[in-house]
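Spelled out, the chains give:
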Amino acid sequence: MALLIRLLQSLPLVIFLIVLAVVVYFVVSWLRSPRHAKAALIKLFTVLTSVLSFLFALASAYALLEHNGTVLELTGSFLAVAVIALIITRICRWRFVKNNPNFRWGSSETHYLD
């Protein structure tokens, strides 16, 4: 039961990630295109959720070493949210690349005619 309450305490993180995604998507799609907005969201959320996962894993490990069960449950629930968000982001990237194979993720090599 305590773990369920800890998961409910991570609800502000979920709300923050949703609001961030909506704002970034609308701003980038207004400035560029919806396809660029999706690519920007995938890049942003890959970095953001990776960093959050690392930080919450580090905090969970520290709480485990200190034998602090309450903090471990709290950081563990935040870690679960961050890892699930990272998995969802990677699935979205896979679908995006599958549906847009010609979309470039980075700079491409320039070929000159001789």
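What you see is a predicted model, and the numbers here were worked out from it, not measured in a lab.

1. Looking at unusual backbone geometry
In step 1: Residues other than glycine seldom take positive phi values, yet His 67 does so here, at roughly 60°.
In step 2: Looking at the secondary structure, you find His 67 in the loop between helix 3 (34-65) and helix 4 (69-99).

2. Observations concerning the confidence of the model for the chain
In step 1: For the chain, per-residue confidence averages 87 on the pLDDT scale, and 89% of positions sit at 70 or higher.
In step 2: The least confident element of the chain is helix 1 (residues 2-9), whose mean pLDDT is 72; the most confident is helix 3, at 93.

3. Brief notes about helix 2 (residues 11-31)
In step 1: End to end, helix 2 covers 30 Å across 21 residues, agreeing with the expected 30 Å (1.5 Å per residue, within 8%).
In step 2: For helix 2, the set of buried residues is Leu 13, Leu 17, Val 24, Val 28 and Ser 29. Buried residues of helix 2 fall within an arc of 115° about the axis and therefore sit on the same side. For helix 2, the exposed residues set more than 90 degrees away from the buried face come down to Pro 12, Ile 18, Phe 26 and Trp 30.
In step 3: Against the buried residues of helix 2 lie helix 3 and helix 4.

Conventions used here
Residues numbered from 1 in each chain as written. Predicted model: local features only at pLDDT ≥ 70, side-chain atom pairs only at ≥ 80, totals over all residues. Heavy atoms only, no water. Helix = DSSP H or I, 4+ residues; strand = E, 2+ residues; numbered from the N terminus. pLDDT = per-residue confidence, 0-100. Expected span 1.5 Å × (residues − 1). Buried < 20%, exposed > 50% of the residue type's maximum accessible area, 1.4 Å probe, protein only. Arc of directions from axis to C-beta. Contact = heavy atoms within 4.5 Å.

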